[in-house]
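# Architecture at a glance
Chain residues, written in single-letter form:
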Amino acid sequence: FCTSLHAANWIVLRTPGLELYTDAPEKTARSALDRLANIRRLLPENEAEPVALRVLLYGSTSEFRALAPTPKSGGFYQSGPERDYILMPANAQLPRNVVHEYVHFALNTRGGTRRPGWIEEGLAEFYSNAQITGATARLGAPIPEHMDLLAHRTWYTPAELESAHDDPLFYAQAWALVHMFRHQPTFPEPITAEHLADLRLYLKNLRADVVPAPPSISAAKVTVEPAAPLETLLVRADAALRAQHPEIAKQLYAQALHEFPNSPAVATGMGTMALALGDEPTARAQLQRAIRLNDQDA
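Residues numbered from 1 in each chain as written. Predicted model: local features only at pLDDT ≥ 70, side-chain atom pairs only at ≥ 80, totals over all residues. Heavy atoms only, no water.

## Description of the packing of aromatic side chains
Counted according to the given criterion, the structure contains 9 aromatic pairs. Measuring from centroid to centroid gives 6.0 Å for F64 and F76, while their planes differ by 40°, and the two rings are tilted. Of the two residues, F64 sits in helix α2 (residues 61-67) while F76 sits in strand β4 (residues 76-78), which places them 12 residues apart along the sequence. The burial state of F64 is the same as that of F76; both residues are buried. Ring geometry for F126 against Y127: centres 5.1 Å apart, planes inclined by 90°, an arrangement best described as edge-to-face. The buried category is assigned to Y127, whose relative accessible area is 9%. Every member of this aromatic cluster is reached through a ring pair, and the members are W10, Y58, F64 and F76. Above the face of the W155 ring, R200 is positioned so that its terminal group lies 3.8 Å from the ring centre. (Phe/Tyr/Trp six-rings, centres within 6.5 Å; stacked < 30°, edge-to-face > 60°. Helix = DSSP H or I, 4+ residues; strand = E, 2+ residues; numbered from the N terminus. Buried < 20%, exposed > 50% of the residue type's maximum accessible area, 1.4 Å probe, protein only. Lys NZ or Arg CZ within 6 Å of the ring centre and 35° of its normal.)

Quick look at the structure:
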């Protein structure tokens, strides 16, 4: 972790359901925020209030690379106990796997009954490669790896599709079924052998939809402000902790403690980190200190 620990020049953009921290230019941040918000508005059931998601857009490539799960990662999604994160470098397009996880987040925070496995994963895959250009959005473009698997693998049975499987073929088949049924008022339940027979024919002429793009976020609905140095250190530390890099989180918390030794929020953060690492005595001591400093989160 060789990038600066200091929190200078970070800004935070907020709009309903999304907050984005970045040390990249504001224009870059607005573009990323707009794309996520537009994907959310393309989804079905969009009448519910959104639940907040935190995005970290790193202008520092070295800091992102220190956190990324693989050297070639263009961004990743990370769940947490209190909020979910998207972490990505400012010079990258939003990867399809990140959009997939974001669609899960957006759909599942809207309540409602749990859907069968093929619907859950199929919806996430269907919107994962959405392309928004000007006044139009292109949905459901063929995904080459899915088409290849569907052409060469033995498909899941209707009964097997009811629950999710960690297999690329399952995602491919779920994507194709959602694609076929997307214009119906409801998805059929359960899937039958006849549906799968129809799907084989449907795949021969699968095409994307071109629909009107949702309007961009109004500038009035986005607040932009400098991120306070303490706030930025704590946000970066929590993101590092959730991304399974406690050594980076420790450095950031140590810097926060050095610069803000009497902050209850720092004590709470360090207690949270100790708890995540299974160090209960340290967690208890830090959280008790934060409580004495009147921190409500502690």
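## Details of the environment of L94
When you line up the elements, L94 lands in the loop between β5 (85-89) and α3 (96-108). In the structure, L94 is positioned 58 residues away from L36 in sequence and 8.9 Å away in space, judged by C-alpha atoms. Other than its neighbours up to four places away in sequence, L94 contacts R35, L36, I39, M88 and V99. (Contact = heavy atoms within 4.5 Å.)

## Some remarks on the pattern of salt bridges
Overall, the coordinates contain 12 salt bridges when judged by the stated rule. Put simply, R182 and D209 hold a salt bridge, and the shortest N to O gap is 2.6 Å. Of the two residues, R182 is situated in the loop between α6 (168-181) and α7 (193-202) and D209 in strand β8 (residues 209-212); the sequence distance between them amounts to 27 residues. D209 sits in the buried class, given a relative accessible area of 14%. Each of R14, E19, R54, E225 and E231 takes part in salt bridges that share partners, so that together they form one network. (Salt bridge = Lys/Arg side-chain N within 4 Å of Asp/Glu carboxyl O.)

## Concerning the sheet that holds strand β6 (residues 131-133)
In spatial order, the strands read β6-β7-β8; together these 3 strands make up an open sheet with antiparallel pairing. With one partner strand each, in any of the chains shown, β6 and β8 form the two edges of the open sheet. Geometrically, the sheet is characterised by an average inter-axis angle of 25° between neighbouring strands, direction not taken into account. Here strand β7 (residues 136-139) runs beside β8; their pairing, made up of 4 bridges, is antiparallel. Across the sheet, the residue bridging to L139 is D209, located in β8. (Pairing = 2+ DSSP bridges. Axes fitted to C-alpha atoms, helices over the stretch in contact; angles between N-to-C directions.)

No statement about biological role is implied by the geometric values presented.
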